[in-house]
Amino acid sequence: MATTWQVWVEAARPRTLALALATAGLGLALAWGDGYRNWPVVLLTLLTATLLQILSNLANDYGDSLHGADSSVRAGPQRAVQSGRVTRAAMRRAVILVVVLSMLSGLALVLLAFGAA
C-alpha cells in the first residue's frame, strides 16, 4: 500500500522531469557559454521548468479523468485519479497549487533575469 506522499510523487511522474530539465539545461548551457553566469537564475530556471512539467502531468491526470480517457483497462502505469487513490477534488486543488507556484517561480525568474529584482 502506497503512502499519500508516494501517490503524489507518482502522480507527478518523476520520470518525465528529465525532459523538462534537459531543455532548460540546454538553454542554460548556451547562456553559460556566452558568459552569462547567474546562479539564482539557473536555480529558478530549473525550478520553474520542473514545476511546469509537474503541472502538465497533474493536469493531464485530472483532465483524462474528467473526459474518461483513463479507465481500468488503460495500458501503462495507473493514474492517481483513475485508480481512486486521489479524488478529482484533491487533484484539482493540487493543479491550482502548482499553477500558483509555477507563476510565482516564473515571475521571480523574469524579474531576476531582466534585472528588476
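The structure we're discussing is the one just above.
Conventions we followed
- Residues numbered from 1 in each chain as written.
- Predicted model: local features only at pLDDT ≥ 70, side-chain atom pairs only at ≥ 80, totals over all residues.
- Heavy atoms only, no water.
- Axes fitted to C-alpha atoms, helices over the stretch in contact; angles between N-to-C directions.
- Helix = DSSP H or I, 4+ residues; strand = E, 2+ residues; numbered from the N terminus.
- Parallel < 35°, antiparallel > 145°, perpendicular 65-115°, else oblique.
- Contact = heavy atoms within 4.5 Å.
- Nonpolar A, V, L, I, M, F, W, Y, C, P; charged D, E, K, R; others polar.
- Buried < 20%, exposed > 50% of the residue type's maximum accessible area, 1.4 Å probe, protein only.
- Polar contact = N/O pair within 3.5 Å; in protein donor to acceptor, adjacent residues only side chain to side chain.
- Salt bridge = Lys/Arg side-chain N within 4 Å of Asp/Glu carboxyl O.

### Thoughts on the packing of helix H1 (residues 4-12) against helix H3 (residues 39-67)
And then number 1: The geometry of H1 relative to H3 is characterised by a closest axis approach of 8 Å and an angle of 100° between their N-to-C directions. The angle between H1 and H3 places the two elements in the roughly perpendicular class. Here Trp8, Ala11 and Ala12 of H1 lie close against H3, whose contacting residues are Ile54, Asn57 and Leu58.
And then number 2: Of the residues in the contact of H1 with H3, the class split is five nonpolar, one polar and no charged.

### Concerning the side chain of Thr48
And then number 1: Within the secondary structure layout, Thr48 lies in helix H3.
And then number 2: Under the relative-accessibility criterion, Thr48 is labelled buried at 9%.
And then number 3: Within the structure, Thr48 has its side chain in polar contact with the backbone oxygen of Leu44 (distance 2.7 Å).

### Section: the pattern of salt bridges
It is possible for side chains of opposite charge to pair when their charged atoms get near one another.
And then number 1: Evaluation of the coordinates by the stated rule reveals one salt bridge.
And then number 2: Among the salt bridges present, the one from Arg85 reaches Glu10, with a minimum N-O distance of 3.0 Å. Remark: Glu10 occurs in helix H1 and Arg85 occurs in the loop between H3 and helix H4 (88-113); sequence separation between them is 75 residues.
And then number 3: On the accessibility criterion, Arg85 (34% relative accessible area) is partly exposed.
And then number 4: Accessibility expressed as a relative area gives 37% for Glu10, which makes it partly exposed.

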